[in-house]
Structures are given as structure tokens and as C-alpha cells.
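Commentary on secondary and tertiary structure
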Amino acid sequence: MHPTPTPPASSPATVPQWQREWQDSFRNTGELLEFLGLEPHSVAELPDLDPRFPLLVPRSYAERMRKRDWNDPLLKQVLATRHEEQERTGFIADAVGDLAAEEVPGVLRKYHGRTLLVLTGICAVHCRYCFRREFPYDELPMTRSKWNGVYVRLKADPSVEEILFSGGDPLSLSDANLRWHWEQAIAIPQIKRLRIHTRLPVVLPSRLDENFLGMVSELSKFKPVYLVIHANHANEISKEVVSRLKALRDSGAVVLNQSVLLRGVNDHADALVELSERLLDAGALPYYLHQLDRVRGAWHFEVPEETGLKLMEDLRKRLPGYGVPKYVREIAGAASKTELIRK
Ligand SMILES: *Cc1c(COP(=O)(O)O)cnc(C)c1O
Ligand code: SF4
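Residues numbered from 1 in each chain as written. Chains lettered and ligands numbered in written order. Predicted model: local features only at pLDDT ≥ 70, side-chain atom pairs only at ≥ 80, totals over all residues. Heavy atoms only, no water.

Remarks on helix 11 (residues 305-318)
With 14 residues, helix 11 ought to run about 20 Å at 1.5 Å a step, and its terminal C-alpha atoms sit 20 Å apart, in line with that. Those residues of helix 11 that sit buried are G308, L309, L311, M312, D314 and L315. Against helix 10 (269-281), strand 8 (285-290) and strand 9 (326-329) lie the buried residues of helix 11. (Helix = DSSP H or I, 4+ residues; strand = E, 2+ residues; numbered from the N terminus. Expected span 1.5 Å × (residues − 1). Buried < 20%, exposed > 50% of the residue type's maximum accessible area, 1.4 Å probe, protein only. Contact = heavy atoms within 4.5 Å.)

Encoded structure:
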């Protein structure tokens, strides 16, 4: 279950702009729909359907949505509908075998050399298709001394070469907290590189502020940092996102993007080509296009694999090789993400 952000403890004067913007997010379906000029009765949407995973949408993200359009690709990603309540065979709470891969709470080890840390359950946006929707975030280590135990454990394991910060969203942590984790990770001698999986640069680009970028340039000098953002549609990549991503790259991070193939959002070739073009404008490389993880409540987002394969053929025809993401599915228990290719 996703915890909902609480206001930062620091006094208003010291609260960074991005946190203030975040606090000002839409948290109520009615308000978001009113902002978009939509009548709540026209679809099967259900205001605040699941109290454990309520609507959460930063204003700057809502501003990128088209007004009066129920089919807006950004709105579709965040608006709960009654479809979520319908059970479907094969759609389960732990779709990718996270629990079986959890060594201790918050530490996931699935693949050779890589250990993923779920630093927090908090996000800046609630994506209705989220594969970690029902992750037991309340069991995560909550204090630095508990996390310190995790880093001691990692240090004693010579097979760990890369640490991934994930969540939830690790960029929802304050810079001070993030810096603490980052320093612990890169201080481990056998760690070659750090990876951060985050949607904040897309949904709340002001997160990439001077203080954060300064930290990236300082710490990436010690070990390379790979920052993997998450955008699914070109309309998400506003001018501000482009300029902040460029600044992020200039500060020394390698920037990659992963997307999820989503019905009604990006399941046609034009949308995926435009997404790759926008990412390349910003200097971010398309990394993965994920087949939807079959998590409970997300069945209505699924695109048939056959459609995905056909879309990939179109992308290969229309984009430079480095603009084509790998189309992958995560199979619980497999030794890597599984690339989907026509047999
Ligand atoms: C997806 C994932 C990774 C990263 O896999 P790459 O193919 O290297 O991007 C690492 N650990 C876990 C637990 C994952 O789910
Ligand atoms: S930002 Fe990522 S972890 Fe958070 S709700 Fe969206 S998909 Fe899930």
C-alpha cells in the first residue's frame, strides 16, 4: 500500500519550491475534473475509489492535460475508474514476484550484480497501473540506523556491483536524506555505479533544482550515476521537463527512460515515436518499453503482446536505433527482464 505524503517538517521559509508545489497537488478527483472542465458524471470514474491509493496529481502535470477530454493520455494514467474494482484472472497483488525476491524488508535481489532498495513508498503521483501498488511499504526500514544495517549487509556481499534506488519514488526524499543514502551506497568498495529509478523529473520537474543538480555533479564524480526516468507519452515532456533533463545530463548523470505500454495512452506507433523523439530532444535515451505487469486492478491498461510486437516493428522503421526502447516483460523468477521478440 502506498503511504500518502505528509507536509514537510521544516519551516515554510526553508521548504524547497518543489516540495511546496507537491503539497499543492490535486488529491481529490472532483477538483481535478473541475480544473479540466469535465463533468464527473460522464464516465464510470469513481472519486477516491481506493482510500489506500487515492488520487494524487501535481498541478504542473495536470496543466499538461488537454481540457475537456476524457481520453487525454495523461489523465488516463491517474484517474481511477470502476474497472479497478473488477477482478481478472491472472491479475494479482504481487505481479512480479517482489516478495519472493525480498532478502530483508526493502532489499530486492533478482538479478546478477544488482540490488534494488525500496527507499520509500511515497510518490509524487499515483499511477493507476502501478505494479507496486500493494507492496508492503509499512515494513520498510524507517530509521537511519535500520538502513545502516542494510548497507553493512551489502558491504559484506562482494557480489553486489550496482545499487538501485527505487520505491515508491526515491526523489520524494529530501536532498539531505537522499545524499545520506547515496553516500552510503558509493562508499561500498565493490559498488561500481548507482542507479535511481524515479518519475519525479517528469511529473514534478522542479525537483531537479540547483541543490539537487549540485549533488549530482558532486557525487557522480565518485561513481557514475544512471538516472532512469519514467515517461509514457510525449505530452508529459514539457519544455520545462526538456530543459531540466538537459541540466541533469550536464551535471553528469546518464539519463534513460522507461515506459509502460498502456491501452488508451501510448498504444499506437505515432505516440511511441513522438515519445522517443521528445526524449531524444532532452538527451534521454529510451531504455525499456514494459509490457504491463499484471497487477490487480490494472487489467484495463493491458495491450496484447501481439500489438506490442507490431508497434516495435513500426518503431524500428521510423527511429534511429538508439531511439528504439527494448520491449520487455518481467517474469517472476526469471534471471533478467525478458525481451519480447517475434518468434
Ligand atoms: C528491473 C529490476 C532491476 C533492473 O534490471 P535491468 O534489466 O538491469 O534494468 C534490478 N532489480 C530488480 C529487483 C528489478 O525489478
Ligand atoms: S511513480 Fe512509480 S512507484 Fe509511484 S505510483 Fe507511479 S509507477 Fe508506482
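Here the narrative resumes.
Quick look at the packing of aromatic side chains
For the structure shown, the criterion picks out six aromatic pairs. Centroid distance F135 to Y137: 5.1 Å. Interplanar angle 50°. Geometry classified as tilted. Here Y137 falls in the buried class, since its relative accessible area comes to 3%. Taking the ring centre of F35 as reference, the NZ or CZ of K67 above it sits at 4.6 Å. Lying over the aromatic face of W299, R88 brings its terminal NZ or CZ to 3.8 Å of the ring centre. (Phe/Tyr/Trp six-rings, centres within 6.5 Å; stacked < 30°, edge-to-face > 60°. Lys NZ or Arg CZ within 6 Å of the ring centre and 35° of its normal.)

Overview of unusual backbone geometry
Cis geometry is found at the peptide bond from G167 to G168, where omega equals 15°. One can find G168 in the loop between strand 4 (162-166) and helix 6 (175-186). Backbone geometry places R68, a non-glycine residue, at a positive phi of 50°. By relative accessible area, R68 is classed as exposed at 62%.

Focus: the sheet that holds strand 10 (residues 338-339)
Strand order in the open sheet formed by 10 strands is 1-2-3-4-5-6-7-8-9-10, with mixed pairing between adjacent strands. If you trace the sheet from one side to the other, it starts and ends with strand 1 (102-104) and strand 10, each paired once. Bridge analysis of strand 8 against strand 9 gives three bridges, and the strand direction is parallel. What sits directly across from L289, in strand 9, is Y327. Of the strands in this sheet, strand 6 (225-230), strand 7 (254-260) and strand 8 are in contact with helix 10, which crosses strand 8 at around 145°. (Pairing = 2+ DSSP bridges. Axes fitted to C-alpha atoms, helices over the stretch in contact; angles between N-to-C directions.)

Structural notes on the site of ligand 2
The environment of ligand 2 is formed by eight residues, the closest being C123, V125, C127, C130 and R199. Tallied by class, the residues present in the shell around ligand 2 amount to four nonpolar, three polar and one charged. (Near = heavy atom within 4 Å. Nonpolar A, V, L, I, M, F, W, Y, C, P; charged D, E, K, R; others polar.)

Concerning the environment of N235
Looking at where N235 falls in the secondary structure, it is placed in the loop between strand 6 and helix 9 (239-250). Leaving out residues up to four positions away in the same chain, N235 has contacts with R64, R66, P73 and L74.

Examining the environment of H268
Within the secondary structure, H268 sits in the loop between strand 7 and helix 10. The exposure class assigned to H268 is partly exposed, which follows from its relative accessible area of 42%. Each C-alpha atom, one on H268 and one on V225, is 32 Å from the other, the two residues being 43 residues apart in sequence.

These figures capture arrangement, not role.
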